[in-house]
Amino acid sequence: MVRKIEFIENTARKTQGLTGSNVEQFRDNPYRSCARETGQNSNDARLKPHSQDDQHPPVVLEYNLLPIRRSDLPFSEDLTATIRACLEQSRARCEERGKTASKDPEVVFFERALKTISSAEIQVLEIADYNTTGLTGPVRDPYSVFNSLVKADGDNNKQNADSGGSFGIGKNAAFAVSDLQTVIYSTLTEDKVGNPQFGCQARLQLVSHERNRRSYSAEGYWGEPDFYAIDNPAGLPDWMVRKTRGTSVFAVGFRWHEDWALRMALSVITNFLIAVLHGRMEFRIASGAIKINRSTLAGHLGSSELERIAEETGQEEALLRTRDLHNCLTSGAAVCRTLATGPRNGARLHILVSEDLNRPRSVLFVRNGMYITDNLRDFGFPFRSFSGTRPFVAVLEPSSDEPGSEFSELLKRMENPEHDNFSPERIRDDAERKKISMIIRRLNTDIRSEINSAARVTETESTSLDELASLFSGDPRPEDEKRSREKDSEHFEYGVATRPPPKSPPPGRLPGTAGGSGGAGKKSNLKGGTRGEDGGAEPAAMGARGPVKQIPVSEKRCRREVAGSAFTHRIYFTPQASGVAAIRLEASGLTSPESLVVAAVETGKLVKGFLVLELVEGQRHAIGIAFDEHYDGPVEISSFALEDGTTA
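Summarised in this report is the structure supplied together with it. Nothing here was measured: the structure is a model prediction, and the numbers come from that model.

## Section: the packing of helix α5 (residues 260–277) against helix α7 (residues 304–312)
Logical step 1: Direction vectors running N to C along α5 and α7 enclose 90 degrees, while the axes themselves pass 10 Å from each other. Taken as axis vectors, α5 and α7 run roughly perpendicular relative to one another. Contacts between α5 and α7 involve L262, R263, A265, L266 and I269 from the former and E305, L306, R308, I309 and A310 from the latter.

This is the structure in structure tokens:
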């Protein structure tokens with residue numbers, strides 16, 4: 001029998017364009033969507049151990065770019081003819097409607113598709129999973145998992161009730177990275193008695209069109225005649241044949257981008273961090289050039305390349321959030337509580353209280369190892385206001401026992417197709433929806449109660465920082481006070497403490513006197529900036545002491561400037577409160593952090609090696625600095641209020 005592409009006949013002559021398919025919703029960020037949706041499907045198909053004593057193997061997912069010769073794509077000629085027919089019809093449609101064909105998205109798509117399929121070599125993205133069940137069959141059963149993935153629309157046949165997807169539309173994400181909107185599925189699984197089962201079929205999602213005076217819909221398949229899948233690998237090219245249990249998905253005519261691998265790595269990390277952290281999933285991208293597992297996770301999170309990709313694709317928030325999530329789940333300082341999700345406790349809440357958070361005071365909801373949302377706004381709980389608390393991040397996830405599975409299943413039923421929100425309106429039964437809303441209401445109360453218990457601020461909490469108190473001159477003389485009511489620029493009154501003690505001990509002495517740091521008599525050859533008036537190394541003058549509020553800062557970064565620049569480093573940070581502040585810089589990564597003395601700054605004022613400047617809440621700062629001694633290591637940035645009334 002001859003294997004060929006077959007399209008479903010369009011007896012109603014219904015018009016179907018490219019924008020009418022489920023592929024369209026994944027076009028905004030195709031690499032992110034493809035990695036997220038295929039990763040979720042593979043996670044749901046996890047292969048269970050034979051016995052309780054066996055170790056649960058992680059799901060391994062590979063994303064590899066395969067350059068395939070056109071002659072090795074069995075249906076290349078048939079696909080070329082189909083694309084030509086679709087292109088001609090799209091042009092004719094434009095002419096009938098008085099549109100400019102060269103600007104029509106459909107015409108542009110098929111012109112590009114024709115160029116892609118006519119090339120001697122065609123790029124194919126292989127997405128292959130291991131330690132999974134594969135697409136169980138038989139392949140001729142219309143209700144099998146195989147046909148659910150390949151053919152069904154708006155339906156899924158996943159075996160576990162708390163699986164990642166509910167709508168069966170995530171599989172369309174693979175089409176969004178194909179310039180031909182053509183995907184091949186190849187699987188090797190086992191039947192009920194353990195015999196191997198093979199299945200392979202391609203699906204095309206194009207536009208409704210006419211060929212040989214017959215009208216066809218946009219949906220087409222390649223395999224055995226009458227739309228059946230191939231169950232015998234004989235005669236197939238080697239690259240299409242799955243040889244170990246699991247599934248391979250091939251996006252034919254891959255939409256290549258020079259950063260495709262990094263973009264998919266960013267999606268994997270921001271979506272599956274918990275699954276990777278718990279050893280449930282591992283990823284290999286670009287033939288293993290990028291490996292993401294428990295041991296490499298922290299390194300990827302701090303990668304400047306991943307940070308660049310996040311900035312270019314508008315995913316900075318996702319990366320910062322993921323860093324906080326990772327800190328919460330790996331920090332020994334985090335607390336874990338179990339919460340009620342009905343008659344039993346089915347949720348775990350992790351809370352980390354820390355000044356060093358990128359997005360403080362956030363609650364992150366996770367399900368099935370994937371981040372979903374940071375709010376329950378459709379229930380009336382946005383989780384945006386936490387007055388009277390120190391900076392924290394909280395992570396809520398279903399527990400790993402039976403009550404947790406029930407809670408995960410409940411969340412799944414309320415999860416939207418984009419997997420970024422929970423809504424009670426997805427529960428159709430009124431009585432059940434009311435019951436669930438009561439469960440979520442209690443959960444909201446318990447979450448806030450645990451956060452307040454772990455992170456609330458008390459009036460007795462304060463810190464007395466000798467090195468900051470000694471930066472400034474002593475109390476003004478009575479005659480000076482009578483002479484002027486203006487504030488002494490080098491004397492600040494300390495307000496009521498609202499922040500915890502700093503995590504690092506204060507340094508001992510700092511060079512210079514009240515005029516600023518001169519770096520022990522060294523002369524600066526830097527252009528611009530400010531230096532102390534006294535270059536000596538006299539002990540710091542002791543002045544007023546008292547509790548000092550710490551102003552939390554986020555998005556902290558210190559970058560080495562290029563040689564010959566006016567400053568050696570540039571620091572970046574965003575304050576979470578407004579007011580006059582002293583910025584302390586420390587050499588981090590040491591057993592005991594050591595303060596770094598600043599010799600010159602681009603803006604602000606230098607006082608005894610500290611940068612003093614006015615902060616505005618939410619305003620990003622980028623300041624050139626130079627230390628009094630050579631230093632190339634990591635830098636920790638802290639900020640302390642120096643004026644009564646500073647808010648935090």
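## Thoughts on the packing of helix α2 (residues 76–97) against helix α3 (residues 105–117)
Logical step 1: Following both chains from N to C, one finds α2 and α3 inclined at 155 degrees, their axes separated by 9 Å at the closest point. Considering their axes alone, α2 and α3 lie roughly antiparallel with respect to each other. Judged by the sense of rotation from one axis to the other, the crossing of α2 with α3 is left-handed. Facing S76, L79, T80, I83, R84, C86, L87, S90, R91, R93 and C94 of α2, the residues of α3 in contact are E106, V107, F110, E111, A113, L114 and I117.
Logical step 2: Tallied by class, the residues present in the contact of α2 with α3 amount to 10 nonpolar, three polar and five charged.

## A word on the side chain of S215
Logical step 1: Here S215 is to be found in strand β7 (residues 214–223).
Logical step 2: For S215, a relative accessible area of 13% gives the class buried.
Logical step 3: If sequence neighbours within four positions are ignored, S215 has contacts with E9, N10, R13, H209 and E210.

## Here's the deal with the sheet that holds strand β20 (residues 598–601)
Logical step 1: Here we have four strands laid out as an open sheet, ordered β16-β17-β23-β20, and antiparallel in their pairing. If you trace the sheet from one side to the other, it starts and ends with β16 (553–560) and β20, each paired once. The mean inter-strand angle of the sheet, taken between neighbouring strand axes irrespective of direction, is 30 degrees.
Logical step 2: One ladder, built from five bridges, connects strand β17 (residues 569–575) with strand β23 (residues 621–627); its direction is antiparallel. The residue of β23 that forms the bridge with F573 is H621.

## Overview of unusual backbone geometry
Glycine aside, residues mostly have negative phi, and peptide bonds are mostly found in the trans state.
Logical step 1: Put simply, G137 and P138 share a cis peptide bond, and its omega is 10 degrees.
Logical step 2: Within the secondary structure, P138 is located in the loop between β3 (121–130) and α4 (145–150).
Logical step 3: Of note, Q181 is a non-glycine position whose phi angle comes to about 45 degrees, a positive value.
Logical step 4: Take Q181: it is sitting in strand β4 (residues 178–190).

## Description of α7
Logical step 1: L306, E307, I309 and A310 are the residues of α7 that are buried. Projected down its long axis, α7 shows its buried positions confined to an angular sector of 160 degrees, all on one face.
Logical step 2: Contacts from the buried residues of α7 go to α5, α6 (297–301), α8 (316–330) and β16.
Logical step 3: With a side-chain oxygen lying 3.2 Å from the backbone nitrogen of E305, the N-terminal cap of α7 falls on S303.
Logical step 4: Phi turns positive one or two residues past the end of α7, at G314, with a value near 70 degrees.

## Side note on the sheet that holds strand β11 (residues 335–340)
Logical step 1: An order of β11-β12-β15-β13-β14 is seen for the five strands of this open sheet, with the pairing classed as mixed. Edge strands, defined here as strands with exactly one partner in the open sheet, are β11 and β14 (370–373). Each strand axis lies, on average, 30 degrees off the axis of its neighbour in the sheet, ignoring direction.
Logical step 2: Across three bridges, strand β13 (residues 362–367) lies against β14 in antiparallel orientation. Paired with V366 across the two strands is Y371, which belongs to β14.
Logical step 3: Relative to the sheet, α5 contacts β13, β14 and β15 (392–398), its axis offset from that of β14 by approximately 120 degrees.

## Let's talk about the nonpolar core
Logical step 1: In this structure, Y63, L125, W260, M264, F283, I285 and I292 are the most contacted members of the largest nonpolar core, which totals 63 residues.
Logical step 2: The element best represented in this core is α5, accounting for 14 residues.
Logical step 3: Not counting residues within four places of it along the chain, the set of residues in contact with L125 comprises C34, Y63, N64, V177, V249, F250, A251, F254, W260 and M264.
Logical step 4: L66, I122, L188 and M240 belong to the second largest nonpolar core, which has 37 residues in total.

Rules used throughout
- Residues numbered from 1 in each chain as written.
- Predicted model: local features only at pLDDT ≥ 70, side-chain atom pairs only at ≥ 80, totals over all residues.
- Heavy atoms only, no water.
- Axes fitted to C-alpha atoms, helices over the stretch in contact; angles between N-to-C directions.
- Helix = DSSP H or I, 4+ residues; strand = E, 2+ residues; numbered from the N terminus.
- Parallel < 35°, antiparallel > 145°, perpendicular 65-115°, else oblique.
- Contact = heavy atoms within 4.5 Å.
- Left-handed = near helix turned anticlockwise from the far one by under 90°.
- Nonpolar A, V, L, I, M, F, W, Y, C, P; charged D, E, K, R; others polar.
- Buried < 20%, exposed > 50% of the residue type's maximum accessible area, 1.4 Å probe, protein only.
- Pairing = 2+ DSSP bridges.
- Arc of directions from axis to C-beta.
- Polar contact = N/O pair within 3.5 Å; in protein donor to acceptor, adjacent residues only side chain to side chain.
- Core = buried A, V, L, I, M, F, W, Y, C linked by side-chain atoms within 4.5 Å.

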